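Coordinates in review
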Amino acid sequence: MKHTKATQLAEERIHRLFELAEQELGKKPERSKRYVHIARELSKKHRVRMSREMKKKFCKKCGAYLKKGKNSETKTIGTLTIVKCIECGFERKTGDKPKQ
């Protein structure tokens, strides 16, 4: 895909918004949530895909920036990883299901 100037600028802004969301999480969690929301909107508007690592950093349901120990819990079962958002209770499962 061709990277236009607008697409590159959108990618940079998305990365910066995630940095700001991480910084603001402890002081003002609502502002952190807002930064994630803006980053997601930018991603949709400019059709920029977020990396897997970036997608794991926020809750799909409530939009909260997730930080282990602060507002999320991580559980690993074999190769399956379950990240639970403490704010809304949503669980994101990644990896392969364990064979029974």
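This text follows the structure it describes.
Predicted, not measured: the structure shown is a model, and the values here were computed from it.

**What to know about the nonpolar core**
- If you look at the biggest cluster of nonpolar residues, it comprises 16 residues, and the most contacted ones within it are Ile14, Phe18 and Tyr65.
- At the level of elements, helix H1 (5-24) and helix H2 (29-45) are the ones that each hand at least two residues to this core.
- Leaving out residues up to four positions away in the same chain, Ile14 has contacts with Ala39, Leu42, Ser43, Val48 and Met54.

**Re the environment of Lys70**
- Relative to the elements of secondary structure, Lys70 occurs in the loop between helix H3 (52-55) and strand E1 (72-77).
- Among the residues examined, Lys70 registers a relative accessible area of 57% and is labelled exposed.
- Put simply, Lys70 and Cys85 are 15 residues apart on the chain and 9.8 Å apart in space, counted from C-alpha to C-alpha.
- What Lys70 contacts, discounting residues up to four positions off in sequence, is Leu25 and Gly26.

**Re the side chain of Asn71**
- Structurally, Asn71 can be placed in the loop between H3 and E1.
- At 2.8 Å, the side chain of Asn71 forms a polar contact with the backbone oxygen of Tyr65.
- Those residues in contact with Asn71 that sit more than four places away from it in its chain are Leu25, Ala64, Tyr65, Leu66, Lys84, Cys85, Ile86 and Glu87.

**Description of H1**
- Given a rise of 1.5 Å per residue, 20 residues ought to cover 28 Å, and the 28 Å separating the end C-alpha atoms of H1 matches this to within 8%.
- Buried residues along H1 sit in contact with H2 and H3.

**Concerning unusual backbone geometry**
- For Arg47, which is not glycine, the phi dihedral falls at a positive 55°.
- Its location among the elements puts Arg47 in the loop between H2 and H3.
- We classify Arg47 as exposed; its relative accessible area is 70%.

**Digging into the packing of aromatic side chains**
- Applying the stated criterion to the full structure yields 2 aromatic pairs.
- Judged by centre distance (6.0 Å) and plane angle (50°), the rings of Phe18 and Phe58 are tilted. Of this pair, Phe18 sits in helix H1 while Phe58 sits in the loop between H3 and E1, placing them 40 residues apart in sequence.
- Given the relative accessible area of 6%, Phe18 is considered buried.
- An angle of 55° between the planes, with centres 6.2 Å apart, marks the rings of Phe18 and Tyr65 as tilted. Remark: Tyr65 occurs in the loop between H3 and E1 and Phe18 occurs in helix H1; sequence separation between them is 47 residues.
- An aromatic cluster of three or more residues is present, and its members are Phe18, Phe58 and Tyr65.

Criteria and cut-off values
- Along each chain, residues carry numbers from 1 onward, in the same order as the chain's sequence is written.
- With pLDDT at 70 or above as the cut-off, local features in this predicted model cover only qualifying residues; side-chain atom pairs require 80 or more to be listed or tallied, and sums for whole chains, interfaces and linings still use all residues.
- No hydrogens and no water enter the side-chain calculation; it runs on all heavy atoms of the structure.
- Only buried residues count toward a nonpolar core. Its members are Ala, Val, Leu, Ile, Met, Phe, Trp, Tyr and Cys residues joined through side-chain atoms within 4.5 Å.
- Exposure classes here rest on a 1.4 Å probe applied to the protein chains alone. A residue is buried below 20% of its type maximum, exposed above 50%, and partly exposed in between.
- Numbering of helices and strands starts at the N terminus; helices are DSSP runs of H or I of at least 4 residues and strands are runs of E of at least 2.
- Only heavy atoms enter the contact rule, under which two residues are in contact if any of them lie within 4.5 Å.
- In the analysis that follows, any N or O atom pair within 3.5 Å is treated as a polar contact, provided that within protein one partner can donate a hydrogen and the other can accept it, and provided that, for residues neighboring in sequence, both atoms belong to side chains.
- Helix span is expected to be 1.5 Å times the residue number reduced by one.
- Ring pairs shown here join Phe, Tyr and Trp side chains whose ring centres sit within 6.5 Å, with only the six-membered ring taken for Trp; geometry is labelled stacked below 30 degrees between planes, edge-to-face above 60, and tilted in between.

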